[in-house]
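Notes for the structure review
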Protein chains: 2
Amino acid sequence: MGTLVVAGVGLIGGSLALAARHAGRVGRVIGVGRSPANMQRALELGVVDEVSHDIAEACARADMVLLATPVGQMAALMRAMAPVLPAHTIVTDAGSTKGDVAALMRACLPAQLAHCVPAHPIAGSDLSGAAAAQYGLYQNRKVVLTPLPETAAAAVEAVRTLWQACGASVHEMSAAEHDSVFASVSHLPHVLAFAFVDMIAAHPDAARRFDFAATGFRDFTRIAGSHPEMWRDIALANRDALLAELADYQAQLATLEALIASADADAMQQLFERARHARLAWHQRFVRGN
Amino acid sequence: MGTLVVAGVGLIGGSLALAARHAGRVGRVIGVGRSPANMQRALELGVVDEVSHDIAEACARADMVLLATPVGQMAALMRAMAPVLPAHTIVTDAGSTKGDVAALMRACLPAQLAHCVPAHPIAGSDLSGAAAAQYGLYQNRKVVLTPLPETAAAAVEAVRTLWQACGASVHEMSAAEHDSVFASVSHLPHVLAFAFVDMIAAHPDAARRFDFAATGFRDFTRIAGSHPEMWRDIALANRDALLAELADYQAQLATLEALIASADADAMQQLFERARHARLAWHQRFVRGN
């Protein structure tokens, strides 16, 4: 690939740029971003070769465009690039939700759909900004591609090859399946953790309660330290799937509440044992795969 | 102190025995337990000086008795020791719930209440058994004492001094406050994590979902790997306080569900920001204190 435009040169976009360069898969990287200080840092650190403040100008020269901004910013970026995109240019993204990105592509880039490849790299960190970018971020991580019905096989292949060159294992599924899977194993626990910590913090004796919180609390609530704006956008973008999971969880809690209220010790133990068994089995596979 | 009887020589009881010995605070430790293999191991490892299979026989020689078994076993132990306990012998425990232990002491040891000191060391691990015991377990950990109205100041002081000698910081509160605080910051998250993992595991496509679970899921669900029988007992022992917290959490989820359903982005972001702020502030204090 000749020129890669990365819109949003933070941890995710910057790390892809570094890894693609490291793997010899890209000629030139043009970074586009809102923060002049971050873009200057990206240039100084060699994360990008060039900085542009004009997404249309940059995309007119692109062989591939990676949208690595929050999903909330993608519509404006797509609309700006639509009139100038070369016909062969592949447009992909790194958003955590895929149904909404597919819909945006359909609405904003109707002439480009054969080259649109929605994607979700499963990687992250508490860090952000170009200075957090590292070329090894995607080593042994998963990337999910959710091609549109219109997407050309060659475009999927190009994006797959790029991510594989960065060390990732690439999976394909529909946007609907993706959003349902991630609502359940990622988006739901994040909102559950936010809700839990907010509830404790609102207690009249919050300070006393926090004083006695220990390592179980620490791990259970780690993701409540995540970026509020990003998770607001994810929750809204994947609203239907998230609400479905949240309804399931509320039903599960009602079941558990009834077991506790009726002191049904056997059923409680069975539920806890099923969960423990599933969690330990999952963790063994996770440790082996990472 | 001359002789300490430890009923239940696992991680918690064994570590207290080792730490008390290390600090020169105990002459002789007699271990009492259900598993002959574990008791043999405790003896071989020097966690205890002597093993007894007869709680009454051991307690007749005790200056202090530590009940470090699951709470469900304590009533039988107390009843067995009641007829033979020397008048001066202090009875304390290491249970995760305190209202129920206080009630048991009141029911089973009515003549000993001046020397009963319910206690909860805030320490644990995935490991269990005498082989997991380590003398440093309580270094910089918290221990909560919840004395009865009848408890003599000298008995509280003796238990406080013992835990402080093991490196712990000792706090006092009522059993009711203890149970409410721990229902919110410990018991509730455990049952929430069990319920969450059990829900995912029950999905028709559970394997697919687990495949894409990552580090957020890992940390959020770590406590779902906890001991099912122990947590069943804790949930039952602290049922009222836990049900109150669970009801509050269900109300909080209903609020959040309404915000998501109505796409109230501002209110969602505010809730997430409050949670993030509280979690980061808590974590800073926690890291400094541990």
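Just so it is clear, the structure is predicted and the values come from calculations on it, not from any experiment.

What counts, and where the lines are drawn
- Each chain carries its own residue numbering, running from 1 in the direction its sequence is written.
- The naming scheme follows written order: chains are lettered A onward, ligands numbered 1 onward.
- It should be noted that, the model being predicted, local features are given only for residues of pLDDT at least 70 and side-chain atom pairs only at 80 or more, the latter also being counted only at that level, while totals for whole chains, interfaces and linings use all residues.
- Note that the side-chain values use all heavy atoms of the structure and ignore hydrogens as well as water.
- Alignment of copies: least-squares fit on C-alpha atoms of residues with pLDDT of at least 70 in both copies.
- Any pair of residues with heavy atoms lying within 4.5 Å of one another is described as a contacting pair.
- For the domain bounds, the source is a domain assignment made automatically or taken from a database.
- Computed with a 1.4 Å rolling probe, the buried area is the accessible surface lost when two parts are put together, summed over both parts.
- Salt-bridge detection follows one rule: a side-chain nitrogen of Lys or Arg within 4 Å of a carboxyl oxygen of Asp or Glu.
- Here a polar contact means two N or O atoms within 3.5 Å. Within protein one must be a hydrogen donor candidate and the other an acceptor candidate, and residues neighboring in sequence count only if both atoms are side-chain atoms.
- Strands here are runs of E lasting at least two residues and helices are runs of H or I lasting at least four, both read from the DSSP assignment and numbered beginning at the N terminus.
- A 1.4 Å probe rolled over the protein chains alone gives each residue an accessible area, and that area as a share of the maximum for its type sets the label: buried under 20%, exposed over 50%, partly exposed in between.

For the pair of chain copies, the relating operation is a rotation around an axis with a shift along it. When chain B is brought onto chain A, the operation consists of a screw motion whose angular component is 180 degrees and whose axial shift is 0.0 Å, with 0.1 Å RMSD remaining. In the structure described here, the two chain copies are related by an operation that fits a two-fold rotation axis. Residue Phe220(B), judged by its C-alpha, is the member of chain B lying nearest the rotation axis, at 2.0 Å. With an isologous cut-off of 70% or more, the 100% of interface residues of chain B that recur at the interface of chain A puts this contact in the isologous class.

Before going further, it helps to spend a moment on the domain arrangement of chain A. Residue and element names in this part refer to chain A. Partitioning chain A into structural domains gives domain 1 (3-173) and domain 2 (177-287). Just the C-alpha atoms count here: the centres of domain 1 and domain 2 sit 31 Å apart. Contacts between the two partners involve 13 residues from domain 1, matched on the other side by eleven residues from domain 2. Of the roughly 920 Å² buried between domain 1 and domain 2 on both sides combined, carbon and sulfur atoms contribute 66%. Of all residues in domain 1, Ser96, Thr97 and Met173 bury the most surface against domain 2, accounting for 48% of the area lost on that side. Scanning the region where domain 1 abuts domain 2 turns up zero salt bridges. Taken together, the links from domain 1 to domain 2 amount to three residue pairs in polar contact (both at pLDDT 80 or more).

Applying the stated criterion across every chain, the model contains 32 salt bridges over all chains. A salt bridge links Arg106(A) to Glu150(A), with the shortest nitrogen-to-oxygen separation between them at 2.6 Å. Here Glu150(A) lies in the loop between strand 8 (142-145) and helix 6 (153-165) and Arg106(A) lies in helix 5 (residues 99-108), a separation of 44 residues in the sequence. Of the residues examined, Glu150(A) reaches a relative accessible area of 36% and is grouped as partly exposed. A salt bridge links Arg41(B) to Glu44(B); its shortest N-O distance comes to 3.3 Å. A residue pair is termed a helical-turn pair when its members lie 3 or 4 positions apart in one helix, as Arg41(B) and Glu44(B) do in helix 2 (residues 36-44) at three residues. Judged by its relative accessible area of 38%, Arg41(B) is partly exposed.

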